[in-house]
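Residue strings, one per chain:
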Amino acid sequence: MDDIYDAYGTLEELEQYTEAIERWDTNSIHQLPEYMKPCYQAILDLHKEIKEMENTQRSYCVLLHAKDANTMLHPKLLG
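Everything numeric in this text was worked out from a predicted model, so none of it was measured. (Residues numbered from 1 in each chain as written. Predicted model: local features only at pLDDT ≥ 70, side-chain atom pairs only at ≥ 80, totals over all residues. Heavy atoms only, no water.)

Caption draft 1: Summary view of the overall build of the chain. Within the chain, the secondary structure is distributed over four helices and zero strands. Scanning the chain from its N terminus toward the C terminus, one meets helices and strands in the order α-α-α-α. Among the 79 residues that make up the chain, the fraction classed as buried is 33%. Surface exposure of the chain reaches about 5500 Å², of which carbon and sulfur atoms provide 54%. (Helix = DSSP H or I, 4+ residues; strand = E, 2+ residues; numbered from the N terminus. Buried < 20%, exposed > 50% of the residue type's maximum accessible area, 1.4 Å probe, protein only. Areas by Shrake-Rupley, 256 points an atom, 1.4 Å probe, with all protein chains shown as cover.)

The structure is reproduced here in structure tokens:
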């Protein structure tokens, strides 16, 4: 994910990517450039897996903390 921000993304693409991550919406993937889609899908898959674990095990708001951690990994560089 770091390379998307550091090396590949244009300002417009990074704005779309950041907004997609903030929405946590699977439909947002269709608005992203092709090279961003695998990374975004991996993030969604990870959170789906965490949510499934949260539903089957003791819940300590794992998904909320995972989203917070991911937000810290991609700080809003765009404003």
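Resuming the write-up.
Caption draft 2: Region of interest: unusual backbone geometry. Backbone geometry places W24, a non-glycine residue, at a positive phi of 55°. Inspection of the secondary structure puts W24 in the loop between α2 (11–23) and α3 (37–56).

Caption draft 3: How the structure looks around the packing of aromatic side chains. Scanning the model with the defined rule gives one aromatic pair in all. Between Y17 and Y40, the aromatic rings sit 6.5 Å apart at their centres with planes inclined by 65°, giving edge-to-face as the arrangement. One end of the pair, Y17, is in helix α2; the other, Y40, is in helix α3, with 23 residues separating them in the sequence. Like Y17, the residue Y40 is buried in the burial classification. (Phe/Tyr/Trp six-rings, centres within 6.5 Å; stacked < 30°, edge-to-face > 60°.)

Caption draft 4: Summary view of the nonpolar core. Membership of the largest hydrophobic core is limited to 12 residues, which are L14, Y17, A20, I21, W24, I29, L32, M36, C39, Y40, I43 and L44. Those elements that place two or more of their residues in this core are α2 and α3. With near-sequence residues (within four places) excluded, L32 lies in contact with Q16, Y17, A20, K37 and Y40. (Core = buried A, V, L, I, M, F, W, Y, C linked by side-chain atoms within 4.5 Å. Contact = heavy atoms within 4.5 Å.)

Caption draft 5: Molecular detail of the side chain of E13. Mapped onto the elements of the fold, E13 is located in helix α2. For the buried E13, no salt bridge is present, and the opposite-charge side chain at shortest range is K37, 11 Å distant. Within the local environment of E13, its side chain forms a polar contact with the backbone nitrogen of T10, the two atoms lying 3.0 Å apart. The contact partners of E13, leaving out residues within four places of it in the chain, are Y8, P33, Y35 and M36. (Lys, Arg positive; Asp, Glu negative; His and termini not counted. Salt bridge = Lys/Arg side-chain N within 4 Å of Asp/Glu carboxyl O. Polar contact = N/O pair within 3.5 Å; in protein donor to acceptor, adjacent residues only side chain to side chain.)

Caption draft 6: Quick look at α2. Along its 13 residues, α2 runs 18 Å from first to last C-alpha, staying within 8% of the 18 Å computed at 1.5 Å per residue. All of the buried residues in α2 are E13, L14, Y17, T18, A20 and I21. End-on, the buried residues of α2 take up no more than an arc of 160°, which puts them together on one face. Across from the buried face of α2, at angles greater than 90 degrees, the exposed residues are L11 and E12. Phi turns positive one or two residues past the end of α2, at W24, with a value near 55°. (Expected span 1.5 Å × (residues − 1). Arc of directions from axis to C-beta.)

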